[in-house]
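Summary of structural features
Residue strings, one per chain:
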Amino acid sequence: MRIEIFVVLSAKPNKPELEIAKRALIRLFGGLTIIPNCKGFWLNKNGKIEKDLVEIWLVYADFPQIKEEADRIHVESKMQALTKVLSLIKQATHQKSQAYALNNKIYFI
């Protein structure tokens, strides 16, 4: 599974909390790649285009085929842990929502 996390850096993020999130992802999935210096664009409520400085955090996770209940529990527990890390990133970056993609399908928390 390809996991992309779009980390907005425009609002002076809490760097120690982001370091905790990075370490958590590395422990959880075994690795993390950060693509720095990206620009993100979005429409505000008035239809004006806004710009943010963004990093893309990329993780490749190898989940087992769910054959047994233990496999399902393993996958669900990793996804629950990912949700907690995403919430930490959202808090650290002072965002109203946190964007991430699983296998190129976008989600927000």
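All of the points below concern the structure found in this document. Given the structure is predicted, the values throughout are model-derived calculations rather than measurements.

Bringing the sheet that holds strand β5 (residues 105-108) into the picture now. With respect to topology, five strands assemble into an open sheet ordered β2-β3-β1-β4-β5, the strand pairing being antiparallel. Lying at the two open borders of the sheet, with one neighbouring strand each, are β2 (33-43) and β5. Direction aside, neighbouring strands of the sheet carry axes that sit 30° apart on average. Of the pairings in the sheet, the one linking β2 to strand β3 (residues 49-60) comprises nine bridges and is antiparallel in character. In the strand pairing of β3, I34 is matched with W57. Those strands touched by helix α1 (residues 15-29) are β1 (2-8), β2 and β3, and its axis lies near 30° from that of β3.

If you check the backbone angles, K12 has positive phi at about 50° while not being a glycine. In this structure, K12 sits in the loop between β1 and α1. Of note, N37 is a non-glycine position whose phi angle comes to about 55°, a positive value. As for its position among the elements, N37 is in strand β2.

So, on to the nonpolar core. Among the nonpolar cores identified, the biggest contains 20 residues, and I3, I5, L25, F29, W57, L82 and I89 are the most heavily contacted of them. Ranked by residues supplied to this core, first place goes to helix α2 (residues 69-92) with six residues. When near neighbours in sequence (up to four residues on either side) are disregarded, I5 contacts L25, E55, I56, W57, L82, L86, I89, Q98, A99 and Y100.

Taken as a whole, this structure holds two salt bridges when the rule is applied. Measuring nitrogen to oxygen at the nearest pair gives 3.3 Å for the salt bridge that ties E4 to R2. With a relative accessible area of 25%, R2 lands in the partly exposed category. A salt bridge links E19 to K22, with the shortest nitrogen-to-oxygen separation between them at 3.1 Å. Of this pair, E19 and K22 both sit in helix α1, three residues apart, which is roughly one turn of that helix.

Glancing now at a nonpolar patch on the surface. Nonpolar side chains collect at one region of the surface, where F41, L43 and I49 lie side by side and expose about 370 Å² of accessible area between them. The residue L43 is located in strand β2 in this model. You can call L43 exposed: its relative accessible area is 56%.

Let us now look at the pairing of β3. Bridge analysis of β1 against β3 gives seven bridges, and the strand direction is antiparallel. When the sheet's bridge partners are listed, I3 is paired in β3 with V59.

Rules used throughout
- Residues numbered from 1 in each chain as written.
- Predicted model: local features only at pLDDT ≥ 70, side-chain atom pairs only at ≥ 80, totals over all residues.
- Heavy atoms only, no water.
- Pairing = 2+ DSSP bridges.
- Helix = DSSP H or I, 4+ residues; strand = E, 2+ residues; numbered from the N terminus.
- Axes fitted to C-alpha atoms, helices over the stretch in contact; angles between N-to-C directions.
- Contact = heavy atoms within 4.5 Å.
- Core = buried A, V, L, I, M, F, W, Y, C linked by side-chain atoms within 4.5 Å.
- Buried < 20%, exposed > 50% of the residue type's maximum accessible area, 1.4 Å probe, protein only.
- Salt bridge = Lys/Arg side-chain N within 4 Å of Asp/Glu carboxyl O.
- Patch = residues over 30% accessible without salt bridge, like charges linked within 9 Å, V, L, I, M, F, W, Y side chains within 5 Å.
- Areas by Shrake-Rupley, 256 points an atom, 1.4 Å probe, with all protein chains shown as cover.

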